[in-house]
Every structure is written in structure tokens, then in C-alpha cells.
Amino acid sequence: MLGIIIGISSVIAIVSIGDSMKGVMDDIYKDIGKNRAYFYVYNVEEFRSTDFFYLDDIELLKERFSDKITYICPSESLRSDVTVNKRVIKLNMACVDYGFDTVQHVKMLYGRMINKGDVDRKSKVIVLEQNAALKLFNKENATGQTIKVKIGDYLEELLIVGVYKNEESPVLSLLNGQDIYEDSYVPFTMAFSSSYGFYALDIFVADNSSVSDVGDDMLKYVANLKNREVENYQFYTVEEDQATLNGVVGGMSVAVAAIAAISLLVGGIGIMNIMLVSVTERTREIGIKKALGARTKDVLFQFLIESATLSAFGGMVGTMFGIGLVMIGGSIISIPIVVNPLSVVIAVVFSMIIGIFFGYYPAKKAAKSDPIDALRYE
Amino acid sequence: MSNLITIKSLNKIYKNGAVEVHALKNINLEIQHGEFIAIMGQSGSGKSTLMNILGCLDRPTSGEYLLEGTDVSKLSQDELSAIRNKKIGFVFQAFNLIPRTNVLSNVELPMVYAKIKAPKRKQRAIELLEKVGLSDRINHLPNELSGGQKQRVAIARSLANNPPLIFADEPTGNLDTQSSEEIMEIFRSLNKEGNSIILVTHEPELAEYADRVIVFRDGSIIEDRKREVL
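This report concerns the structure included in the present document. (Residues numbered from 1 in each chain as written. Chains lettered and ligands numbered in written order. Predicted model: local features only at pLDDT ≥ 70, side-chain atom pairs only at ≥ 80, totals over all residues. Heavy atoms only, no water.)

**Considerations on the interface of chain A and chain B**
Point 1. On the side of chain B, 21 residues touch chain A, which itself brings 18 residues to the contact.
Point 2. Both faces combined, the contact of chain A with chain B buries some 1700 Å², and carbon together with sulfur accounts for 59% of it.
Point 3. Ranking the residues of chain A by area buried against chain B places A:Leu292, A:Arg295 and A:Ile372 at the top, with a combined share of 34%.
Point 4. There are one salt bridge connecting chain A and chain B.
Point 5. The residue B:Arg100 makes a salt bridge to A:Glu285 at a minimum N-O spacing of 4.0 Å.
Point 6. For the interface between chain A and chain B, the tally reads five residue pairs in polar contact (both at pLDDT 80 or more).
Point 7. Listing elements by their share of the side of chain A that touches chain B, those giving two or more residues are α10 (283-291), α11 (296-332) and α13 (371-376) of chain A.
Point 8. Take the side of chain A that touches chain B: its biggest share by element is six residues, from α10(A).
Point 9. Its residues placed into classes, the side of chain A that touches chain B shows seven nonpolar, two polar and nine charged. (Contact = heavy atoms within 4.5 Å. Buried area = accessible area lost by both parts, 1.4 Å probe. Salt bridge = Lys/Arg side-chain N within 4 Å of Asp/Glu carboxyl O. Polar contact = N/O pair within 3.5 Å; in protein donor to acceptor, adjacent residues only side chain to side chain. Helix = DSSP H or I, 4+ residues; strand = E, 2+ residues; numbered from the N terminus. Nonpolar A, V, L, I, M, F, W, Y, C, P; charged D, E, K, R; others polar.)

**Digging into the nonpolar core**
Point 1. Counting 63 residues, the largest nonpolar core has A:Phe39, A:Leu91, A:Leu128 and A:Ile147 as its most contacted members.
Point 2. If one sorts the elements of this core by residue count, helix α8 (residues 211-226) of chain A sits on top with six residues.
Point 3. With 59 residues, the next largest nonpolar core counts A:Ala291, B:Ile53, B:Leu80 and B:Phe167 among its residues. (Core = buried A, V, L, I, M, F, W, Y, C linked by side-chain atoms within 4.5 Å. Buried < 20%, exposed > 50% of the residue type's maximum accessible area, 1.4 Å probe, protein only.)

**A short note on the packing of α11(A) against helix α12 (residues 341-368) of chain A**
Residue and element names in this part refer to chain A.
Point 1. At their nearest, the axes of α11 and α12 sit 6 Å apart, and the two run at 150° to each other. As α11 packs across α12, the resulting crossing turns out to be right-handed.
Point 2. In terms of residue class, the contact of α11 with α12 is made up of 17 nonpolar, eight polar and one charged. (Axes fitted to C-alpha atoms, helices over the stretch in contact; angles between N-to-C directions. Left-handed = near helix turned anticlockwise from the far one by under 90°.)

**Side note on the sheet that holds strand β5 (residues 70-71) of chain B**
All names here are of chain B.
Point 1. Reading across the sheet, the four strands line up as β2-β1-β4-β5 and stay open at both edges, with antiparallel pairing between neighbours. If you trace the sheet from one side to the other, it starts and ends with β2 (19-31) and β5, each paired once.
Point 2. Across five bridges, strand β1 (residues 5-16) lies against strand β4 (residues 62-67) in antiparallel orientation. Residue Asn11 lies in a different strand from β4, and its bridge partner there is Ser62.
Point 3. Packing of helix α1 (residues 47-54) onto the sheet brings it into contact with β1, β2 and β4, and relative to β1 it is tilted by some 120°. (Pairing = 2+ DSSP bridges.)

Dropping the structure here:
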């Protein structure tokens, strides 16, 4: 009984943890963007300068795939220390094109996001994350202020045109760890000159296009353009990443489920023991029933139903215990808990099957007993 | 109509390791419908062995046993269960009621195995309990009843499927004199209603109720006499 409870509760816990993890993963990838892709130079033995992406290439791609992609920009970021009134922070500046806030949700608190004018005029502007603004200026609304950051070899003075709030899920922040860098956005044209070769591109595929089809087309187009093979470039999507991670979570679940299966086995043997004792205790009762006309299968069913009920009860207690366990765990690391009703049903049904399987031998023993011997038994 | 019971050259031999015990030696017996028979004999005389075989709880080593014309000596365990269920009612010395199960359910049990529908089952059980004077005890558990009451429940149960034959194995062995008399009166009135009763006992006073007495010794019938009907 205890074995069944422990076995079932761990199975329920494992499955729920797995499901919750998947839910969390889905949230993370929704944060990153499901139709987001990274396009980068890959697997090249000797780099030629032409292998990299230049602003001209990006313009070409933008034109060629205008109906299939909604956003394309070099995937680059800069890092610099920023000092305002002796307050120092480390700042990460993500390079974006205009329209980034149309493909990825950016919650603006004050001012505005990087716009077309900023990109076209290579304006020296920056959009700070709420925490960066707070740490530098002791207030959230830092629009209109300027900060000095190091870009390449130069110290540039940037005008803060907006402040936004980072809305990534708590789990993603947990995974990213204690990031000492504060976040911000700058126009990519301001940060890099047209002669700079970018290693990777950040691409959002249009909702009505298939991410993998667009990837294939782009790989062919770029390989042709750069006089390289398709294999020399990689079109990486978060979908692939998600599949890998789900695989890892799935593998973990299988490993723990195997352990749970062992405890179910032990539980089943426990049930068998209980039933054997019960059959011995009720030898006389079985004899009476047989004398009154009970057939072998009547006695067999009676004991099978008993052991199935016993272990199904264990299964139900185990289910409740397991759900409780997951809920406590979930509230500690504050992730939303997913309990699949199907897994609950399967767990209870499975424990009944264990009861029937391990109850069969004692039930058979009871059913086969000779009524005279059974009646004489004291 | 055929005899209720016909036994021809019936033998029962128990093997206990190398030792063979010849419990029944070449028994021949005929019993008619409606008889009230007392089987007597000391312990070890073979009367219990015969009772087990007649009750279809055990099978003879050799010989023929016809119950209402059916040869039951070659039947399987499940076939014997069906015969016991339909044709034989048992009343035991130790009452043998199912513990932790109320009086009504105990009486219903043979009908459950006969696959009789629940409402009909309950109605019949209540009728039978009225007949033995226990209609006010139907929801009691066996351990809440006196010995005499327990035995009356057992009699009601034995009648459940209206069997042609009722076996009573020392039915008053665990009862006081007054309860014994009550129980025997019930048997007597059941017999008057046409039920065939086989009573196994070693008490001569109980044999007084029967109209035929069969005495066993060492595995053989040594006496088979009809008593004058009073």
C-alpha cells in the first residue's frame, strides 16, 4: 500500500513537473519569439571577409524576402561601463533596427522606442531598461538625460529617448542567472559602420510563412550570393532549441519514471502479501461460500476486486500526495503548475491493474481451495 | 420419478502417505424424496465422509452416486458447486455464517451464486427469515445473535434456492437443550412441508425426530431401520 502510494505519487509528481517545465519552456520561447531565427556563418574552414554580412547584404535580403520576413537586423550587442554622478553600472546595448517593437513586445514606460529616423540618421540615442535608469538617475523617467558609453574606441554621448520595462518570465531570469549587465537598445546603424562585417543576423519570419521554408530559401540565396555552400551557413530557430530541451526534460522524466516503476513493483508485492494473509485468514469463509455454490471464478473475482480496490485506493492517495508535492514545489520556485487530468486517470487505472496483477496469485489460491479443507480450517 | 439419492457400491479411500484408510466400504443406499433420515455413528465411523460425498463436497474413490438421476461422482469442482447451490442446503454444527455480513446478506448469498436478481433475492430472504422467526433481526451481524438464532439463520440460508435436499451436520451440537428443541422442531415442520432432510448426529434423542435411522460403524452400514410414524 505504502509502495503504491509512493510509486503513484512520484509518477504524478514527475509527469506534472515535466508538463510544468514544458509550459515554462513554451513561455520562454514565447518571450524570445517562436518565429525568431538566427542566421550565421557556420562551419567555414578559412573565413573570407566576404563571408560575413554587410549592410548592403542586409538591404538585399530585406528586399528579396520582403513578403516573408518582418524584421532583419545584425545580431550584435555592445557592452560598456556607464558612470553618472559616481554611480557606475555595466550596460549591455542590444543593436536593433526600427520596428523591433512590432515583432517583439517591448513595454515602454516613458518616451519612445528606436524609430526609423534614428536608424536612417544614425542618431546617437538609447532606450534604457527601467533598472538601468533607476540605478543611474535614481528615477525611472530618465528621458532627456545623456550618458557616455564606449563604442569601439570612442566615447560617445547618447541621448536617452525612452525607458522600457523588461517583462521576461521569472524562469528565464532564473536561467539567465545573476546578470550583472543592465539592458538597453541602440540603433544598429549608429553603432557599426557600413564596412563592418556581421557574423550573425537576427530575423523574424512573417506569421504566414513557414520558418523552415524561409530558412531553406535564405540559405540557398545567401550561399549563392557569397559563392559558398549551403552548409557554410546556419539558419537556427528557437523551435529546434525547444525540441532539444523538451527532449532533455522527457529523458529526465523517463529516468525518474523508471525509479517510480520499481517502487510500484515493490508496492505490488506488498499488495500480494496483504492478499495472501487475507486469503489465509478467510479460509473458512471461502469454504462456506464454496459449499453454498460459489464457483472458482466467483471466489477469484471477489479477491481480485478486493486487491484492485485496495491498490486503486493507494493510487488515489498517491495521486493527491503527488499533486500536493508538486504544488508545494511549484510555489517555492514560483512556476505555474500543470496537472494533466489524463495522467491522474492513468495513474489510478494503472494502480488497479497492479492490484489485479499481484492479486491474481492469492485469488487463484483462494479459488482453488478444497471446500472440505476450507470448512475444517480453524 | 427417480430416487432422490441412489448409491451403488461406493468406496472412499484416503491415502495418507503409505497408510490407506478405507473410510467407506462398498456402500449401497437409496433415499426417496420427502424422507427425514438420521445418520448415526461414532466419530471415525465414516458418517462424515458419507455426508461430504452426499453433499457433493467430496468425490468417491469408486462407485456410483446418482442425485435425482444425475451421476455426480464424475463432475468437476465448478459443476459440483452448481449442484450444491441448486440441490443441497447445508446446516453445520459451527453455523458457518459469513462474519461481518448481516443476516439478510447471509441468507441471500446462495441466491447471488444462482444469479437471482436483487429485489427477488431480498424478498425471498425476508420470507425465509420470517419462516424461522427472525424477521426482526435482518440487519444484525452474526456475532450479535445467540447460537439458536445463528442456526435459524443458517436454516433460512439452506432453504434459499429451495433445494430438494437439506443436510444438517450435528446442527444442535453447539446449542443448549431449549434451542436444540426449537431447531429440531423447525426441521420437523420443514420435513412435513415435503423437504428431504439428512441429519448427521451421534445423539440418539435427535434421531427420534427422523423417520429412518442409518447407523454406521467402521465404514459400513450396520443398521437401516424405518421408525414407526407417530
